[in-house]
Amino acid sequence: MNAWIYDADGNLFASYSRKGFEGFAFPRRETGMHEFEPGYLTLSEAITEDQDVLGSIMLRLDARHFQRVLRRSMTTAGIVLAVAMIIALLLSSATQRTISAPIQSLAHTVGEMSFENLSKRAKIVRNDEIGTLAASFNQMAENLEKSHNELRKAHDGLEEKVVERTEELAQANVRLKELDRLKSMFIASMSHELRTPLNAIIGFTGIILQGMAGEVTEEQKRQLTMVSNSGNHLLALINDVIDVSKIEAEKIDLIISEFDLADVMHEVQGLFTVAMDEKGLKMPLEMPERLAVESDGRRVKQIIMNLVSNAMKFTDKGEIRIEAAAKDGMAEISVADTGRGIKEEDIGKLFRQFSRIQITGIPTVEGTGLGLYLSQKIADLLGGRIRAESEFGKGSVFTFTLPLKYKEVTG
Ligand SMILES: Nc1ncnc2c1ncn2[C@@H]1O[C@H](COP(=O)(O)OP(=O)(O)OP(=O)(O)O)[C@@H](O)[C@H]1O
Ligand SMILES: [Mg+2]
């Protein structure tokens, strides 16, 4: 390093050269500058006092000195950094060993657990919070496994029970089918056993009534007529019950043939003439002269008779109008009466088994409540339908639609 001090006139006042730097003559420069020469930094500054310039100072510094200082500082910084990194590394590995590793092991155990394998447990290697966490986890896994096993046992038991019950149900079903078959057999034999003596009672009562077995007094006639009526009523009831069981056992046999519906209608009208006259009712019949239908004539007649007998039962004055017409491949037979009518809320109950509609203040008319149920079932079998419309207090219309050509109902 070299230093020069000049006075105000520019004469050298003093100079200093560090050992080894002597002999360097430095030209005076203007003040307030600095400059890098290769290997050196030169500075010059004015020396002032109360704004008077007393002189100037010039310094020439060896840059190699700075480089040495810088190198030394960098080496120190490098050593400090390396030591700090080693410490950080040691600290992180200690943390890894003490905190991260046990938590990772716990997470791994949780990940391995599934409903198929609940026996996994976390390793407890420490006595601190992490150890407590692992112990709590193990306790929870223990409870979970216990509940799961109990649930599985209950589930297995349930399956066994279902199998057992299904087996019992199947057996009960077989027994029920057998009972149903026995019931059908019983009804079939009942039809024979009951109808035969009943027909005998009705037949012989008729013979006695006609006086063919000797003279009969008026009182005897009256009582015998009651026997005959009750016999006929019982026969009709037995026939209905037999029909119902046959339909329910799907054992009803249809006899399909072509017939003239007009003949059937006239026959029905004829059967009710006496009863109509007794009640003072009219029974107009309106239909084409001929109406050919292919169906079960006996069953069709049975349905029309049921509808007309109902109309007669529930009508006290006026008329029962029977109409028939062919429309869109169907025969439409309607029985319209001017009787008591049916309330709207009761219409839906009409076709149910044993359903009879009671009206307060009106005496009950005899019947079983099977007529419409049976008629609708038979109409179904023939591919037809019965529908009812009514106005309470004014009268009802029952319409029976039937295919002109029978088509077997499947399913
Ligand atoms: N034309 C009608 N007018 C008013 N009510 C009717 C008429 N037809 C049926 N009903 C009502 O529907 C009920 C059921 O009729 P359904 O023919 O099934 O039975 P029932 O005539 O009482 O007995 P069954 O016909 O078995 O001898 C009757 O009890 C009656 O209340
Ligand atoms: Mg009836």
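The structure this text deals with has already been given above.
Note that the structure is a prediction, hence the values are computed from the model and not measured.

Visitor: Would you explain the site of ligand 1 in this entry?
Guide: Around ligand 1 sit 21 residues, and of these Asn310, Ile357, Gly367, Gly371 and Leu372 come closest. Of all the secondary structure elements, the ones that give two or more residues to the shell around ligand 1 are helix 5 (297–313) and helix 7 (371–381). Here the residues of the shell around ligand 1 are counted per class, giving 8 nonpolar, 9 polar and 4 charged.

Visitor: For this particular structure, what's the right way to read helix 7?
Guide: Because the α-helix completes a turn every 3.6 residues, residues three or four places apart line up on one side. Counting buried residues along helix 7, 9 of its 11 residues qualify, which places the element largely inside the surrounding structure. Taken residue by residue, helix 7 has Gly371, Leu372, Tyr373, Leu374, Ser375, Gln376, Lys377, Ile378 and Ala379 as its buried positions. Those residues of helix 7 that are buried are in contact with helix 3 (218–248), helix 5, strand 11 (385–391) and strand 12 (395–403).

Visitor: Can you walk me through the packing of helix 5 against helix 7 in this structure?
Guide: Two packed helices can be described by the angle between their axes and the distance between those axes. Taken N-terminus to C-terminus, the directions of helix 5 and helix 7 make an angle of 150°; their axes are 10 Å apart at the nearest point. Here helix 5 is positioned roughly antiparallel relative to helix 7, judged by the angle of their axes. Read as a crossing pair, helix 5 and helix 7 show a hand that is left-handed. Contacts between helix 5 and helix 7 involve Arg299, Gln302, Ile303, Asn306, Leu307 and Asn310 on the former and, on the latter, Gly371, Leu372, Ser375, Ile378 and Ala379. A breakdown of the residues in the contact of helix 5 with helix 7 according to their chemical character gives 5 nonpolar, 5 polar and 1 charged.

Visitor: Is there a simple way to think about the sheet that holds strand 10 (residues 330–337) in this case?
Guide: The strand order across the open sheet built from 5 strands is 7-9-10-12-11, with neighbouring strands paired in mixed fashion. Either end of the sheet is taken by a strand with one partner, and the two such strands are strand 7 (285–286) and strand 11. By the bridge criterion, 8 bridges tie strand 9 (residues 320–327) to strand 10 in an arrangement that is antiparallel. Bridge pairing links isoleucine 322 to valine 335 in strand 10. Seen against the sheet, helix 4 (residues 261–279) touches strand 7, strand 9 and strand 10 and runs at an angle of roughly 175° to strand 9.

Visitor: Looking at this model, I keep getting lost on the nonpolar core. Mind explaining?
Guide: Considering soluble globular proteins, one finds that nonpolar side chains tend to be buried as a cluster. Ile304, Leu307, Val308, Ile320, Val335 and Phe400 are the most contacted members of the largest nonpolar core, which has 34 residues in total. Taken together, the elements giving at least two residues each to this core come down to helix 4, helix 5, strand 9, strand 10, helix 7 and strand 12. Looking at this core element by element, the count peaks at 7 residues for helix 5. Sequence-distant contacts of valine 308, that is, excluding residues within four places in its chain, are made with Val268, Phe272, Ile320, Ile322 and Val335.

Calculation criteria
Residues numbered from 1 in each chain as written. Chains lettered and ligands numbered in written order. Predicted model: local features only at pLDDT ≥ 70, side-chain atom pairs only at ≥ 80, totals over all residues. Near = placed C-beta within 6 Å. Helix = DSSP H or I, 4+ residues; strand = E, 2+ residues; numbered from the N terminus. Nonpolar A, V, L, I, M, F, W, Y, C, P; charged D, E, K, R; others polar. Buried ≥ 20, exposed ≤ 12 C-beta atoms within 10 Å, placed from the backbone. Contact = placed C-beta atoms within 7 Å. Axes fitted to C-alpha atoms, helices over the stretch in contact; angles between N-to-C directions. Parallel < 35°, antiparallel > 145°, perpendicular 65-115°, else oblique. Left-handed = near helix turned anticlockwise from the far one by under 90°. Pairing = 2+ DSSP bridges. Core = buried A, V, L, I, M, F, W, Y, C linked by C-beta atoms within 7 Å.

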